[in-house]
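Structural characterization, general
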Amino acid sequence: MTTYYNEHQKFLVSVDVIIFGFDEQKLKVLIGRRQMDPGRGEWSLYGGFVSADESLNQAAAHTLEKLTGLKDIYMRQVGAFGDVDRDPGERVISVAYYALINVKDYDEKKRVKHGLEWVDINKIPTLYSDHNLMVGRALTKMRQKIKTEPISFRLLPSLFTLTQLQRLYEAVIGEQVDKRNFRKRIKDMDFIEKTNLIDKKSSKRGAALYRFNNKVYNEDPNFKL
């Protein structure tokens, strides 16, 4: 450890991860009861302190993997939160990230182990410190991104119906869209492929199943919803 910057006060740096999932036609966020003081027992996002030997992205990825057991998850930085009194325990600056996962890929045993709950985005309770603000800003960024980048497929299974895709899009942007226009735009996108498979669970007649072709998208990323 060097003796540089000794004239300056040292701060703690943490990461908090807002994990979004899509289930029962609703956009949901993973939260749990805080397991430490201050704020023990309050609803909270999941996070951790940044170690001296890791970057912010590494700390966020490590936190996400510890929580879900999943790797290579879509994750983007939301921003830094550094109000002086945001944490009553110490001077803590937190950098928030949001991540998108398919709920079905998440091991239910891990959810129970960590005491977490999937909560409807429209019914989030009061969270610890400024965590509600983090969720709000993450949602704003995701709403902007979903219109220019096909991130919605991160929340869906590998095979999905157009109805599922529309319901997810509506859940994220918070408003209904015209079914006919939406499907017309989707069918004009070469990277959304119709398969020969049929989903017979969602309707008596059955619905065609589609899949996202990442290779085709990367070759021609002119995406806009």
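Below is a summary of the structure that appears in this document. (Residues numbered from 1 in each chain as written. Predicted model: local features only at pLDDT ≥ 70, side-chain atom pairs only at ≥ 80, totals over all residues. Heavy atoms only, no water.)

A full pass over the atoms with the stated rule returns 11 salt bridges. The salt bridge involving Arg86 is made with Asp130; its shortest N-O contact spans 2.8 Å. Here Arg86 is found in the loop between strand E5 (74–81) and strand E6 (92–100), whereas its partner Asp130 is found in the loop between strand E7 (116–120) and helix H3 (131–146), with 44 residues between them in sequence. Asp130 shares its class with Arg86; the two are buried. In this structure, Glu170 engages Arg167 in a salt bridge whose closest nitrogen and oxygen atoms are separated by 3.4 Å. Of this pair, Glu170 and Arg167 both sit in helix H4 (residues 162–173), three residues apart, roughly one helical turn. On the basis of relative accessibility, which here comes to 11%, the residue Glu170 falls in the buried class. In this structure Arg167 comes out as partly exposed when scored by relative accessible area, which is 31%. In this structure, a network of salt bridges that share partners links the residues Glu108, Arg111 and Glu117. (Salt bridge = Lys/Arg side-chain N within 4 Å of Asp/Glu carboxyl O. Helix = DSSP H or I, 4+ residues; strand = E, 2+ residues; numbered from the N terminus. Buried < 20%, exposed > 50% of the residue type's maximum accessible area, 1.4 Å probe, protein only.)

Tallied over the entire structure, the rule returns 10 aromatic pairs. Measuring from centroid to centroid gives 6.2 Å for Phe20 and Tyr98, while their planes differ by 65°, and the two rings are edge-to-face. In this pair, Phe20 sits in strand E1 (residues 12–23) while Tyr98 sits in strand E6, placing the two residues 78 residues apart along the sequence. Tyr98 shares its class with Phe20; the two are buried. Taken together, the aromatic side chains of Phe153, Phe160, Phe191, Phe212 and Tyr217 make up a single cluster linked through ring pairs. (Phe/Tyr/Trp six-rings, centres within 6.5 Å; stacked < 30°, edge-to-face > 60°.)

Turning our attention to unusual backbone geometry. The omega torsion across Asp37 and Pro38 is -5°, close enough to zero to call that bond cis. One can find Pro38 in the loop between strand E2 (26–33) and strand E3 (43–44). One non-glycine residue, Asp72, lies in the positive phi region at around 55°. In this structure, Ser129 is a non-glycine residue whose phi angle is positive, near 55°.

The next thing to look at is the environment of Phe81. Inspection of the secondary structure puts Phe81 in strand E5. For Phe81, a relative accessible area of 4% gives the class buried. In contact with Phe81, not counting residues within four places along its chain, are Arg86, Val92, Ile93, Ser94, Ala96, Asp130, Leu133, Met134 and Arg137. (Contact = heavy atoms within 4.5 Å.)

The buried fraction of E7 amounts to four of the five residues, a majority that puts the element mostly inside the structure. Pairing of E2 with E7 involves five bridges; the strand directions are antiparallel. Residue Gly32 lies in a different strand from E7, and its bridge partner there is Leu116. (Pairing = 2+ DSSP bridges.)

Note: α-helices contain 3.6 residues per turn, so residues at a spacing of three or four share the same orientation. Its 13 residues give helix H1 (residues 56–68) an end-to-end C-alpha distance of 18 Å, which sits within 8% of 18 Å, the value for a rise of 1.5 Å per residue. Among the residues making up H1, those that are buried are Ala59, Ala60, Thr63, Leu64, Leu67 and Thr68. Taken end-on, H1 shows its buried residues confined to a sector of 145°, consistent with a single buried face. Following H1 by one or two positions, Gly69 adopts a phi angle in the positive range, close to 80°. (Expected span 1.5 Å × (residues − 1). Arc of directions from axis to C-beta.)

The subject of this paragraph is the nonpolar core. Formed by 42 residues in total, the largest nonpolar core has its most connected members in Ile18, Phe20, Leu27, Tyr98, Met142 and Ile192. Contributing elements (two or more residues each) for this core: E1, E2, E5, E6, H3, H4 and helix H5 (179–187). Ranked by residues supplied to this core, first place goes to H4 with seven residues. With residues up to four places along the chain from it excluded, the contact list for Tyr98 reads Ile18, Phe20, Tyr74, Met75, Arg76, Val78, Ala138, Lys141, Met142, Lys145 and Ile151. (Core = buried A, V, L, I, M, F, W, Y, C linked by side-chain atoms within 4.5 Å.)

Honestly, it's all geometry; don't read function into it.
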